[in-house]
Amino acid sequence: MSSTSPARPRVVVIGAGIVGCSLADELTARGWTDVTVLEQGPLPAPGGSTSHAPGLVFRTNPSRTLTAFAAYTVEKFSALEADGQSCFHPVGGLELATTEERLADLRRRAGYAASWGVDGEVVPPSRCKELWPLLDGTKVLGGFHTPGDGLARAVLACRAQTARAQARGARFLERHTVTGIERARGRVTGVVTDRGTFPADHVVSAAGFWGPVVGRMAGVDVPLLPLAHQYVRTGPLPELAGATAEASRPILRFQDRDLYVREHTDRLGIGSYAHRPLPVDPFTVPAYDEAPVMPSSYPFTPEDFAPAWKDCAWLLPALAKARVREGFNGVFSFTPDGMPLLGESRALRGFWLAEAVWVTHAAGAARAVAEWMTDGRPALDVHECDLTRFEDAQRSPAYVRDRGAQQFIEVYDVIHPLQPPERPRPLRVSPFHARQRELGAYFLEGGGWERPHWYEANAPLAEGLELPRRDAWSARHWSPVAAAEARATRERVALYDMTPLRRLEVTGPGALAFLQRMTTNDLARKPGTVTYTLLLDETGGIRSDLTVARLAEDRFQIGANSRADEDWLLRHAPDGVHVRDITSGTCCVGVWGPLARELVQPLAPDDFSHRAFGYFRARETYIGHVPVTAMRLSYVGELGWELYTGADLGLRLWDTLWEAGRKLGAVAAGRSAFNSLRLEKGYRAWGHDMTDEHTPYEAGLGFAVRLDKGDFVGREALCRAGAPRRRLTALLLDDPADVVLGKEPVSLDGTTAGYVTSAAYGCALGRCVAYAWLPPLAAGTAVHVEYFGRALPATVADEPLFDPEMSRIRC
Ligand code: FAD
Ligand code: THG
């Protein structure tokens, strides 16, 4: 919470959909009772997406955060009622497979469910038919049954939460249209409506797909695209005659055809994502009184639904005699990555977003925002939802449109964790891009950057390499060439494009004091040193891990992770300390391997010997004609340097290194080798292996904390922390032929005890390395990692797995 907020701040929430109502409930439950919810439509069904949502809640999601949000929605709404009716109807969920690929995907989803604590099981066609007698059992190959999923009664849940919040003092004002946001000195001060102005210390936009409209009033980007999605109800089905319950069968997903189905007593409701994207301009949505039905409901376009109907009748033969009785094109939000937009704007303090949230995730997302506002941070890691996460190049209207539409198209597709977006590509390229293409780079994408995962030019090196055969899934976006590149790095030397590594420059007379206060390690060392350090929050949770190079008394270069790092530093920076992201204008090559010194030394005017240029040292020097900042460190665990220069000189730098490397057998190597090497060495990747839910001690990063250096953010919490109850644990898969990819459940004595964070085949180890969150376990403990329903044996290992003496780096 910002220090300028009073003890009982005045909060205005814009929008009384499921998100706004849930938020009012969560805030008032935490004692922030001065809450006013402003809603342009009539209550309790004001005409937004919530007003007509069929309310299917499937909790299982590749994102642990979204699954936790959904689990809380189920838990909360199950305990809520209005008019004697529960706000959640636990009919269960059933996802169907009609193809082998989908069936395999359901097994993988069952793995996510187990990892995140959702009860579910993959069942045979006979059980699917038993659960859903209307199915043509011959069409399905199996299903994923989750008994705890079901139907949220969204409008009822709005009413129940409104009543609770009102009882604690909140006001809900219908037919108040917000037209402006008032501000002074970078903070919100009030909200203007057509019926007067409401002073506020905090304003939350929970305006659903109107988010961009409210965002514009506040001068805050809200990167979401409203899209229409078709939903129909059939007439009564004779097969369901006599039904009295609203629904009694599990909610169904038929993802192979982009459809879902629920019962409405003796009828079925069918939702379709099978049609073309139907974008809606949020600035031209009619007001409630002008809308034919309601603002979020557009006229049904039957031609878009025709193929979906045929597909549904194929699966549910009873539909052959039925027809669509009513349908509409309902509007809701899609973001470029399909995740919600949560958090406070830095440019306009006190202005929060709680947008692009499904009913499924509404209670959980609202709780997270309420915790964030009242406690300063959500209990759960929400970095995937953080509104700061998009790069500048990912905020253009064109990008939001392209990616939003693609999210709609792919909503039910089987998506590989490495699958890059189709469009817009290429967006960001490093200065070495032309050379990478010449070398046959296999590009994937991250943060808008084209990132080589391996280079086909290295294919000859993979010949004769003995590698275990991979299953089709783990073979996707992978090549044996990556293993050859990893080996070349360990045996000779390789060039890695590190340009996408985020770089921040921190300057000014107070820069050292500021960074000392913000991070855990001691940075008060002489210019020319690099320090590995952590950004913590007040509770001791890891917000990021950084390298900080002191290049001059008052000038630091930081190697960072997400955009949130810059945001966090900027929020805390005192006057006179400047924080600037320099990533775009600069580039970086990592030169790593036992021959790295032989490669670099002849090109440099300075002494690159171990004595003259030690480990974790930095200096400004030259590589041939190119001025560089050289830092001696290596995320892959080999001797070598990160060489930074301006983007304009990047190609020259690459070519110079490449030419010099020829006689040493240097290769260009990609992300795939990089990831494998860093896991062998035990280097954590923030956002995957650890987040702000974890302390440095749990994550095995206690060595980067200097409690005796003076106060820093998070220190007090660390001093109070007891012995870790869980640890980031290194596992080695027992069978050299087994590989896993990440997020798989790990079981101990037959019970799920944790989950894999990241994993890769380690060439030097000849096994797959997997890091996992587990209770503290002794090295040698036997566990199992579940992969597509198979229990793969694995063993807890001592860290680091590779080169524990550091003999390869400190030489
Ligand atoms: P909304 O419900 O749209 O609420 C936003 C409110 O803000 C509106 O009431 C609006 O009037 C108000 N507002 C906007 N601008 C202003 C202003 N300037 N001043 C005052 N008030 C303003 N999700 C699921 O989880 N499961 C499903 O099965 C499901 N099915 C769906 C089916 C259809 C056909 C559609 C369209 C959506 C479906 N969704 C489903 C998505 C879900 O409905 C939405 O994601 C969710 O309801 C969004 O809730 P919200 O509170 O953010 O937005
Ligand atoms: N390079 C640079 N900055 C970075 C990364 C990088 N910042 C973000 C991320 N990657 C940080 N991650 C690590 C992880 C481990 C190490 C460096 C960056 C590392 N650790 C050594 C170890 O643990 O043995 C040394 C630690 C120490 O001596 O304190 O090298 O890739 N520029």
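Cut-offs and rules
- Residues numbered from 1 in each chain as written.
- Chains lettered and ligands numbered in written order.
- Predicted model: local features only at pLDDT ≥ 70, side-chain atom pairs only at ≥ 80, totals over all residues.
- Heavy atoms only, no water.
- Pairing = 2+ DSSP bridges.
- Helix = DSSP H or I, 4+ residues; strand = E, 2+ residues; numbered from the N terminus.
- Axes fitted to C-alpha atoms, helices over the stretch in contact; angles between N-to-C directions.
- Contact = heavy atoms within 4.5 Å.
- Buried < 20%, exposed > 50% of the residue type's maximum accessible area, 1.4 Å probe, protein only.
- Polar contact = N/O pair within 3.5 Å; in protein donor to acceptor, adjacent residues only side chain to side chain.
- Lys, Arg positive; Asp, Glu negative; His and termini not counted.
- Salt bridge = Lys/Arg side-chain N within 4 Å of Asp/Glu carboxyl O.
- Near = heavy atom within 4 Å.
- Areas by Shrake-Rupley, 256 points an atom, 1.4 Å probe, with all protein chains shown as cover.
- Expected span 1.5 Å × (residues − 1).

1. Digging into the sheet that holds strand S27 (residues 494-497)
Turning to step 1, where the next piece is worked out: Read across the sheet, 6 strands follow the order S34-S35-S36-S33-S27-S37 without closing on themselves; strand pairing throughout is mixed. Only two strands of the sheet have a single partner each, and these edge strands are strand S34 (618-623) and strand S37 (667-669). Sheet twist, expressed as the average angle between the axes of neighbouring strands with direction ignored, equals 30 degrees.
Turning to step 2, where the next piece is worked out: Running over the sheet, helix H13 (residues 480-491) touches S27, strand S33 (586-592) and S37 and is turned about 120 degrees from S37.

2. A few points about helix H15 (residues 563-572)
Turning to step 1, where the next piece is worked out: Of all the 10 residues making up H15, 7 are buried; the element is thus mostly covered by neighbouring parts of the structure.
Turning to step 2, where the next piece is worked out: Taken as a whole, H15 has its buried residues at Arg 563, Ala 564, Asp 565, Glu 566, Asp 567, Trp 568 and Leu 569.
Turning to step 3, where the next piece is worked out: In this structure, the buried residues of H15 make contact with strand S28 (502-507), helix H14 (511-518), strand S29 (529-536), strand S30 (542-552), strand S31 (555-560) and strand S32 (578-581).
Turning to step 4, where the next piece is worked out: One side-chain oxygen at the N-terminal end of H15 lies 3.1 Å from the backbone nitrogen of Ala 564; it belongs to Ser 562.

3. Looking at the side chain of Asp 545
Turning to step 1, where the next piece is worked out: When you line up the elements, Asp 545 lands in strand S30.
Turning to step 2, where the next piece is worked out: Within the buried set, Asp 545 has no salt-bridge partner at all; the shortest N-O distance to an opposite charge, 7.9 Å, is to Arg 684.
Turning to step 3, where the next piece is worked out: At 2.6 Å, the side chain of Asp 545 and the side chain of Tyr 532 are in polar contact.
Turning to step 4, where the next piece is worked out: Only 2.8 Å separates the side chain of Asp 545 from the side chain of Asn 561, close enough to count as a polar contact.
Turning to step 5, where the next piece is worked out: The residues touching Asp 545, leaving out its near neighbours within four places in the chain, are Tyr 532, Thr 533, Leu 534, Gly 559, Asn 561, Arg 684, Trp 686 and Met 690.

4. Side note on the pattern of salt bridges
Turning to step 1, where the next piece is worked out: Scanning the model with the defined rule gives 53 salt bridges in all.
Turning to step 2, where the next piece is worked out: The shortest N-O distance in the salt bridge between Glu 693 and Arg 64 comes to 2.7 Å. Here the residue Glu 693 occupies a position in the loop between helix H18 (671-681) and helix H19 (715-720), and Arg 64 occupies one in helix H2 (residues 64-78), the gap between them amounting to 629 residues.
Turning to step 3, where the next piece is worked out: Put simply, Arg 377 and Asp 537 hold a salt bridge, and the shortest N to O gap is 2.7 Å. Within this pair, whereas Arg 377 is found in the loop between helix H8 (359-375) and helix H9 (397-409), its partner Asp 537 is found in the loop between S29 and S30, the two being separated by 160 residues in sequence. Asp 537 shares its class with Arg 377; the two are buried.
Turning to step 4, where the next piece is worked out: Through salt bridges with shared partners, a single ionic network connects Asp 25, Glu 26, Arg 30, Lys 76, Arg 164, Arg 168 and Glu 371.

5. Details of the site of ligand 2
Turning to step 1, where the next piece is worked out: Inspection of the region around ligand 2 gives 18 residues, with Asp 545, Thr 547, Gly 559, Glu 642 and Tyr 683 positioned closest.
Turning to step 2, where the next piece is worked out: The side chain of Tyr 644 places a nitrogen or oxygen atom 3.3 Å from a nitrogen atom of ligand 2.
Turning to step 3, where the next piece is worked out: Contact with the protein chains covers 87% of the free accessible surface of ligand 2, which is 650 Å².
Turning to step 4, where the next piece is worked out: Contributions of two or more residues to the shell around ligand 2 are made by S30, S31 and strand S36 (640-646).

6. A word on the environment of Val 667
Turning to step 1, where the next piece is worked out: Here Val 667 shows up in strand S37.
Turning to step 2, where the next piece is worked out: In the structure, Val 667 is positioned 181 residues away from Ala 486 in sequence and 10.0 Å away in space, judged by C-alpha atoms.
Turning to step 3, where the next piece is worked out: When near neighbours in sequence (up to four residues on either side) are disregarded, Val 667 contacts Asn 458, Leu 461, Ala 488, Arg 492, Val 493, Ala 494, Leu 495 and Trp 658.

7. Looking at helix H5 (residues 154-167)
Turning to step 1, where the next piece is worked out: For H5, spanning 14 residues, the distance from its first C-alpha to its last is 20 Å, which sits close to the expected 20 Å at 1.5 Å a residue.
Turning to step 2, where the next piece is worked out: Buried within H5 are the following residues: Ala 154, Leu 156, Ala 157, Cys 158, Ala 160, Gln 161, Thr 162 and Ala 165.
Turning to step 3, where the next piece is worked out: Where H5 ends, the next residue or the one after it, Gly 169, has phi of about 115 degrees, a positive value.

8. What about the side chain of Asp 803?
Turning to step 1, where the next piece is worked out: One can find Asp 803 in the segment after strand S43 (790-796).
Turning to step 2, where the next piece is worked out: Separated by 2.9 Å, the side chains of Asp 803 and Ser 807 make a polar contact.
Turning to step 3, where the next piece is worked out: Not counting chain neighbours up to four residues away, the residues in contact with Asp 803 comprise Lys 681, Arg 808 and Ile 809.

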